[in-house]
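Observations on chain architecture
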Amino acid sequence: MVVRWAIWTKRIIAALLALVFVPVLLLTLLASHACGTLLSTEFYKEQLREAAVYDFIYDDLLGEAVGSELEDGEELTGDTGLVAEDIVSSLRDVLPPDWLQDQTEEVLDSVGPYLLGSADSFTYTLSLADRTDAAQDTAVSLMERVDLHNVLFSQYVPEAVDNRLGDDRELAFGTELTRDETIEAIERIVTPDFVASHQSEAAEALASYLVGRTDSFSYTFTFTERRAALEEEIHQVLNRGDLPGYVRAEVLEPALRENVTEDVSMPFGVVAPQDEVLDAIRAAATPNWVEAETLRVLDSVIPFLSASIDQFTVTVPLEDRTDAAVAELSHAVKARYAALLATVPICTSAQLRALARGDPASVCRPQGFTTEDFLAVVGIDVEGDLGRAVHEMAPDELYFTEQDLLKEFERAESLKLVEDLRTAMLDGWTFDDEKLREALAEEDDELPEALDTLRRGFREGWTWTEQDLRDVIADPDSADAEEALAALDAGRAAFSGFRIFSAVLPFLTLVMLAVIAFLGSRSWPGRLQWAGGVLFVAAFIAFVLAGPLYGATVGPAFDEAREEATSDVDDRTEILLINKILETTNQASDEYNSGVRLRALLLALLGVLAAAGGVVLGRASPPGPPATQQGAEPPPNSPTADDGGEEGAEATADSESLAEESRPEEPVASQDDAPPADSDIPPTEEPSGEQEGPEENRPG
């Protein structure tokens, strides 16, 4: 009885171990399959291929992202005239999906083993050397499609005008130029055709620099061909001012005041006052004369401003204006003589003789003489004398030079504008790598460094090692840099330990199944049945978990996660990215789970085959010895329950259960009926003494 309890105790333990075996087998399936999938870079490469991630980047993600940027009017793209398709197709030409896939897989092969703990270092070099020609050609083609004229006049020209002019600016000669007028004038000079004529050559120079084929670049936009258009704009601007008034007030008047500084004295105390002389000359400078001289000044000013000439001197002849002024002054002087004669007495005989000699002692009026007769008698040439006196004071010529012009612009605080205009016309406008860097720095301080990184990638490639990765993780600006590094190392160690654990776990699982089999039965057929049955049940449960249960829970969970992740997101690009990440993750999960499910199915089939093999083997084995009849004495040396032999009792129990239906009615023992070598019934010893026990009572 004790022996039977021991047997059933073992079987109960085996059954309990079988219950534990179910999660152990499931863990073994998950761990062993993870080593070939989740801990293998090949798995991730295959998932990216199956998810068509590389085509998705160009067909969906970049198109949406670039389109959003263009619609939002970003400074770098908003006014270029490009559409999203232009930019995306250019990127595809430079870095096609196949090339992107190759580089991504190289990254996985290099960095993956380090992150997964199977390597202590890595070195990855990305070289764009093989893409240099494509990049340069694509950059030139893309820049040629840019509406550069629109870019200039929607962004940079208005900004430059604001910096130089402000809202309005007073120029020389009383001319004012508004901001809008300035931009419109520049646009008539720098036409779309002019910009297009320089765009291709400039694009070639810039593209060569961007891909690192040159150490610097410089391109000069020359405006010589647009000089006529510039001079026309200058003429229109200056004509809006009071240039004749400037010539009269700033050229003629100062010269007169500087030279005509005294009265003109005539004989007999007649005087032509200074103011009268000045007024006469001013009156002689008629508006028509001033207008004509102004045009002559413009004929030199405009070429100077357009840098056609470096200096000029405009001579304004004033002699004829002085003659006209003297003629007017003569009438006034003669009138004064007439008035004088009207107030003096009639000449005496002595005074007449003195007048005749040309030596008048005093002023007197000859009887019957007119003023003209009197002037002739006394020898006064009013026009001649007055003309000589006025010409001696008034300048015969006035001069206007570039220095006078520059002083006028300086007075109006516009001298720098003139200097810049002349410099641009003389030297052109040069755009080089320094100006490019300055423009990039104004947009973002990190863009010049990004430019250097891009150029280095085309020339030398980028090399990345585990130290670079650790430096990125241990960002000094980060508050938890040490914790991040510690987490990286802990993760790598965990992956390495898991790999070892997953390698040992199948062996431990097999040992556990063997222990269950040996505890469940003493016979080999029974052991096979126990092992096969337990394996089938555990594998079937794993199959159900990885099959119907997985499909009923994981799929809806991913759908719910997708809705939750995108519910508060308005950016279409971000939504596309989230959906693709979840789609790829779901696909990888399905792929991993299908492998677990297949392994579980194979193990379940193996369990069925093992159990069936045990049944077949048990039926094919010879039957065991008959049970001892009631009241019969067992052989003296038989290991039965009566002598406390546990093995005999267990063997008897197994034999009864295996050969219950095939037990013979009259057992006759013989040598041929001996149990097989693998029977649970141990062989009995020959009875000692003179008499042998009956053959039919020997267990063989």
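Let me begin by describing the structure that accompanies this report. (Residues numbered from 1 in each chain as written. Predicted model: local features only at pLDDT ≥ 70, side-chain atom pairs only at ≥ 80, totals over all residues. Heavy atoms only, no water.)

Turning to the overall build of the chain, a few remarks are in order. Along the chain, the regular secondary structure elements total 26 helices and 10 strands. Burial analysis of the chain (700 residues in total) assigns 38% to the buried set. Across the chain, every contact between residues at least 6 apart in sequence was considered, and the portion connecting residues at least 24 apart equals 77%. Total accessible area on the chain stands at roughly 38500 Å², and carbon and sulfur atoms take up 54% of it. (Helix = DSSP H or I, 4+ residues; strand = E, 2+ residues; numbered from the N terminus. Buried < 20%, exposed > 50% of the residue type's maximum accessible area, 1.4 Å probe, protein only. Contact = heavy atoms within 4.5 Å. Areas by Shrake-Rupley, 256 points an atom, 1.4 Å probe, with all protein chains shown as cover.)

Glancing now at the nonpolar core. Core analysis: the largest hydrophobic core is formed by 77 residues, its most contacted members being Leu305, Val390, Phe400 and Leu405. Per-element accounting of this core gives the leading share, eight residues, to helix H13 (residues 287–305). Within the second largest apolar cluster, 24 residues are counted, among which are Val22, Ala34, Ala517 and Tyr592. (Core = buried A, V, L, I, M, F, W, Y, C linked by side-chain atoms within 4.5 Å.)

Counted according to the given criterion, the structure contains 28 salt bridges. One salt bridge in this structure joins arginine 459 and aspartate 215, with 3.0 Å as the shortest N-O distance. Taken together, the residues span a long stretch of sequence, with arginine 459 in helix H21 (residues 447–459) and aspartate 215 in the loop between helix H9 (192–210) and strand S4 (218–221) at a distance of 244 residues. Between arginine 282 and aspartate 279 there is a salt bridge, and its shortest N-O distance comes to 2.6 Å. Here arginine 282 and its partner aspartate 279 are both found in helix H12 (residues 274–284), three residues apart, which amounts to about one turn of the helix. (Salt bridge = Lys/Arg side-chain N within 4 Å of Asp/Glu carboxyl O.)

Here we come to H12. What H12 keeps buried is the set Val277, Leu278, Ala280, Ile281 and Ala284. All buried residues of H12 lie within an arc of 160° about the axis, which places them on one face of the element. For H12, the exposed residues lying more than 90 degrees away from the buried face are Asp275 and Ala283. Each element contacted by the buried residues of H12 is listed here: helix H11 (243–259), strand S5 (264–265), strand S6 (271–272), helix H14 (319–343) and helix H17 (382–393). (Arc of directions from axis to C-beta.)

Here tyrosine 44 shows up in helix H2 (residues 41–50). For tyrosine 44, a relative accessible area of 34% corresponds to the partly exposed category.

Let us look at a nonpolar patch on the surface. A surface patch of nonpolar side chains, amounting to about 600 Å² of accessible area, comprises Phe536, Val537, Phe540, Ile541, Val544, Leu545, Leu549 and Val608. A per-element tally of the nonpolar patch places helix H24 (residues 524–566) first, with seven residues. Here phenylalanine 536 is to be found in helix H24. (Patch = residues over 30% accessible without salt bridge, like charges linked within 9 Å, V, L, I, M, F, W, Y side chains within 5 Å.)

A pair of packed helices is characterised by two quantities: the angle between their axes and the separation of those axes. Remark: helix H7 (residues 148–164) packs on H9, axes separated minimally by 8 Å, with the N-to-C direction vectors making an angle of 115°. In this structure, H7 uses Leu148, His149 and Leu152 to contact H9, whose residues at the interface are Pro192, Val195 and Gln199. The residue inventory of the contact of H7 with H9, partitioned by class, reads four nonpolar, two polar and no charged. (Axes fitted to C-alpha atoms, helices over the stretch in contact; angles between N-to-C directions. Nonpolar A, V, L, I, M, F, W, Y, C, P; charged D, E, K, R; others polar.)

A separate point is unusual backbone geometry. A positive phi is found at alanine 52, a non-glycine position, where the angle reads about 55°. Exposure remark for alanine 52: the relative accessible area of 35% places this residue in the partly exposed category. In this model, alanine 307 sits at a positive phi of 65°, which is unusual for a non-glycine residue. Within the secondary structure layout, alanine 307 lies in the loop between H13 and strand S7 (313–317). Given a relative accessible area of 6%, alanine 307 falls into the buried group.

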